[in-house]
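This is what each chain is made of:
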Amino acid sequence: MDLFGTAGIRGGVEDRVTPALALAVGRAVGAEIRERADESPAEPTPGSSPESTPDPEVVLARDGRVTGPALAAAMEAGLSAGGVDVRRAGRLPTPALAHASRGRYGVMLTASHNPPTDNGIKLFRDGVEFDRDAERAVDSRVADEESVAPWDEWTEAARIDPLDDYLADVREYASRFGAPLDGLRIAVDCGNGMSAPATPTVLRELGADVVTLNGNVDGHFPGRGSKPTPETLADLRAFVADANEGVENPGRPATGGGDGAEGDGETEGFAFGIGHDGDADRIVIVDADGEVVHEDTVLAVLAERYTRESDAADPVVVTTPNASGRIDERVRAAGGRVERVRLGALHEGIAAVREDAAEAGALGEAGVVGEAGAAGEVGDDTRVVFAAEPWKHIHVAFGGWIDGVASAAVIARLVADEGLDALRAPITERPYRKVSVSCPDDAKETVMDRLETALPDAFPEAAVDTDHGVRLEFEDASWTLVRPSGTEPYVRVYAESDDVDALVAEVEDVVEDAVAAA
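Residues numbered from 1 in each chain as written. Predicted model: local features only at pLDDT ≥ 70, side-chain atom pairs only at ≥ 80, totals over all residues. Heavy atoms only, no water.

A. Quick look at the overall build of the protein chain. Helix and strand content of the protein chain: 14 helices and 20 strands. Relative to the 2.2 N^0.38 estimate, which gives 24 Å for 518 residues, the radius of gyration of the protein chain is 23 Å and therefore close to what a compact globule would have. Counting over 518 residues, the protein chain shows a buried share of 56%. Long-range contacts, defined here as pairs at least 24 residues apart, represent 70% of the contacts in the protein chain between residues at least 6 apart. A total of about 21300 Å² of accessible surface is found on the protein chain, and carbon and sulfur atoms cover 44% of it. When the 48 basic and 99 acidic side-chain charges of the protein chain are each reduced to a single mean position, those positions are 3 Å apart. (Helix = DSSP H or I, 4+ residues; strand = E, 2+ residues; numbered from the N terminus. Rg over C-alpha atoms; globule rule 2.2 N^0.38 Å. Buried < 20%, exposed > 50% of the residue type's maximum accessible area, 1.4 Å probe, protein only. Contact = heavy atoms within 4.5 Å. Areas by Shrake-Rupley, 256 points an atom, 1.4 Å probe, with all protein chains shown as cover. Lys, Arg positive; Asp, Glu negative; His and termini not counted. Charge placed at Lys NZ, Arg CZ, Asp CG, Glu CD.)

Listed below in structure tokens is the structure:
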């Protein structure tokens, strides 16, 4: 049926993600969980943690969309009739649901940054999104119209409230980094999404002075579009820039009076701003001038920090093919390496690195993952220390899910310690472009086959990677990626270079020739 895309199931609620589909997916997930429980070994297999076999129990949550309650009711009915225990968690940020799914399963009803007419279904197992094999198994059961469990195995849902435990764990985790916030002033645009009960709370508990925009949950998203972009964050950007005009050290507690005391004066302006999407897995950072910090720069800051602080001999950062070369530069400078995986599959990339390490004998004793299975460790030699794609970060030592709230807390502590400008200073920010070349869907495979030869021929000096499209890297750290769109009739061209317009023009010519010849 091909229900699943790169971020679970997503689409319009009137014709795709309907209550009927939620009911069917619930039954399918319930049957899959029960079958896995019956087949699970009594002891963990090598390379897994003792917690790797989740309980046959599902935490069900939703974001703030108007259509969430109806879909949640249908999903709950399907899961309960599928014979698994259901824990109804109400409205949660997606990372909070993932956190609550540790040791069991999770279902999140969200369309993330999509418009309010959409909704979606994301599935988790032990804090990690379902991989492709698990999604295909659910897809197949839906297509086969999975039957319900025997009547005496149906269950009744129970209510839980896991948000406070999640926020406490975020606060404790972030406290390992940087410096106390101690009145650091931060503007947070929640976008009427599920970051509203999460990010401002964590930052305040860490000591920040937080001012929120669009800080109430409203599934109509009246304040701005749910996807945080430079355009939708115009109000946040202007708010920060205007507040900081003429302020010497914005967002920092002012020096006190003549007695030399510090930090007891009035704080003016904002150190930086934060924007989230509808379910709080994405984060955008706005600097003190009201400008959006490039998403790959934020990624590079965190990737370098995690790599530099790791004691592993082989620290690895997992990212996606469209991520900037500035990430590779900073990770290499810190003594690590970068591995890339297809878009939307960071969790699969983490698993692949661990599997490769296990096969190479780089795992620790008995191949057991680090402490409580949550430290991201795979042994003394190889360790995934961070995984991210633009806007979305997995703090592997905290958990295996994308987490915008944890990112907000960690970044705030780093800014408090060093300042945003200092964090950005080592990073080379080259001009970046993304363009689309028209290509019929049925010609994409032929076009990409041609480009695997044509692009290296056109740029013989470049290093070539064809794992996820065609990516060319040059000695001056510029790069380009060509890959087919998964949702539209285009071939995408991404490029980063000091002379990006010239590079894009050359690559476009090669792509257009391949399309014309297809």
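So that's the structure; there's more coming.
B. Up close: the pairing of strand 3 (residues 85–91). Bridge analysis of strand 2 (residues 57–62) against strand 3 gives six bridges, and the strand direction is parallel. The residue bridging Ala61 from the neighbouring strand is Gly90, located in strand 3. For the handedness criterion, the β-α-β arrangement of strand 2, helix 2 (residues 68–81) and strand 3 is classed as right-handed. With two bridges joining them, strand 3 and strand 7 (residues 158–159) adopt parallel strand pairing. Paired with Arg88 across the two strands is Arg159, which belongs to strand 7. (Pairing = 2+ DSSP bridges. Right-handed = clockwise from strand over helix to strand, strands pointing away.)

C. The packing of aromatic side chains, seen in detail. Across all of its chains, the model carries nine aromatic pairs by this definition. An angle of 70° between the planes, with centres 5.6 Å apart, marks the rings of Phe398 and Trp401 as edge-to-face. Comparing Phe398 with Trp401, the two get one shared label, buried. These aromatic residues form a ring-pair network of at least three members: Tyr173, Phe177, Tyr306, Phe386, Phe398 and Trp401. The ring of Trp479 is capped by Arg471, whose NZ or CZ atom sits 4.3 Å from the centre of that ring. (Phe/Tyr/Trp six-rings, centres within 6.5 Å; stacked < 30°, edge-to-face > 60°. Lys NZ or Arg CZ within 6 Å of the ring centre and 35° of its normal.)

D. Focus on the pattern of salt bridges. By the definition in use, this model includes 35 salt bridges. A salt bridge links Glu304 to Arg330; its shortest N-O distance comes to 3.0 Å. A residue pair is termed long-range when its members are at least 10 positions apart, and Glu304 in helix 8 (residues 295–309) and Arg330 in helix 9 (residues 325–333) qualify at 26 residues. Overall, the relative accessible area of 11% leaves Glu304 in the buried class. Across the pair Glu418 and Arg305 runs a salt bridge, and its minimum N-O distance is 2.5 Å. One end of the pair, Glu418, is in helix 11 (residues 404–418); the other, Arg305, is in helix 8, with 113 residues separating them in the sequence. Exposure remark for Arg305: the relative accessible area of 19% places this residue in the buried category. Each of the salt bridges in this network shares a partner with another, and the network as a whole consists of Glu32, Glu35, Arg36, Arg141 and Glu146. (Salt bridge = Lys/Arg side-chain N within 4 Å of Asp/Glu carboxyl O.)

E. Structural view of a negative patch on the surface. A grouping of Glu461, Glu475, Asp476, Asp498, Asp499, Glu506, Asp509, Glu512 and Asp513 is seen on the molecular surface, where their side chains present a negatively charged patch. Residue position: Glu506 is located in helix 14 (residues 500–517). Residue Glu506 is classed as partly exposed on the basis of its relative accessible area, which comes to 45%. (Patch = residues over 30% accessible without salt bridge, like charges linked within 9 Å, V, L, I, M, F, W, Y side chains within 5 Å.)

F. Structural view of the sheet that holds strand 15 (residues 392–394). Reading across the sheet, the four strands line up as 13-12-14-15 and stay open at both edges, with mixed pairing between neighbours. Where the open sheet ends on each side, the last strands, each with one partner, are strand 13 (337–340) and strand 15. If you compare each strand with its neighbour and ignore which way they point, the axes differ by 25° on average. In this structure, strand 12 (residues 314–319) lies alongside strand 13, joined through four bridges in parallel fashion. Counted as the bridge partner of Thr319 is Arg340 from strand 13. The strands touched by helix 9 are strand 12 and strand 13; relative to strand 13, the strand with the most contacts, the crossing angle is about 145°. Taken strand by strand, helix 10 (residues 346–359) contacts strand 12, strand 13, strand 14 (382–389) and strand 15, and its axis lies near 165° from that of strand 14. (Axes fitted to C-alpha atoms, helices over the stretch in contact; angles between N-to-C directions.)

G. A look at the side chain of Glu32. By secondary structure assignment, the location of Glu32 is in helix 1 (residues 19–39). Separated by 2.6 Å, the side chains of Glu32 and Arg141 make a polar contact. In contact with Glu32, not counting residues within four places along its chain, are Ala137 and Arg141. (Polar contact = N/O pair within 3.5 Å; in protein donor to acceptor, adjacent residues only side chain to side chain.)

H. Seen up close, the environment of Ser485. Within the secondary structure, Ser485 sits in the loop between strand 19 (479–484) and strand 20 (490–496). Taking the C-alpha atoms as reference, Ser485 lies 8.8 Å from Asp441; in sequence the two are 44 residues apart. With residues near it in sequence (within four places) discarded, Ser485 still touches Lys444, Tyr490, Val491 and Arg492. For Ser485, the side chain forms a polar contact with the main-chain nitrogen of Glu488, separated by 3.0 Å.

I. Here's a closer look at helix 8. The end-to-end C-alpha separation of helix 8 is 22 Å, in line with the 21 Å expected for 15 residues at 1.5 Å each. Helix 8 sits mainly inside the fold: 13 of its 15 residues count as buried. (Expected span 1.5 Å × (residues − 1).)

J. Focus on the sheet that holds strand 16 (residues 432–438). Read across the open sheet, the five strands follow the order 16-20-19-18-17; overall the sheet is antiparallel. This sheet does not close on itself; its edge strands, each paired only once, are strand 16 and strand 17 (463–465). Sheet twist, expressed as the mean angle between neighbouring strand axes with direction ignored, is 15°. Sheet contacts for helix 13 (residues 444–458): strand 17, strand 18 (470–473), strand 19 and strand 20; angle to strand 19, the most-contacted strand, approximately 160°.

K. Region of the structure containing the environment of Ser226. Here Ser226 lies in the loop between strand 9 (209–213) and helix 7 (234–244). With residues up to four places along the chain from it excluded, the contact list for Ser226 reads Ser112, His113, Asn114, Phe221, His276, Asp277 and Gly278. For Ser226, the side chain forms a polar contact with the main-chain oxygen of Ser112, separated by 3.3 Å.

L. Structural detail: the confidence of the model for the protein chain. Of the residues in the protein chain, 91% reach a pLDDT of 70 or more, and the chain-wide mean stands at 91. Counted against residues more than four places away or in other chains, residues 257–262, with its pLDDT under 50, gives six contacts. A low-confidence stretch, residues 363–379 stays under pLDDT 50, and its non-local contacts, those more than four residues away or across chains, total 41 contacts. (pLDDT = per-residue confidence, 0-100.)

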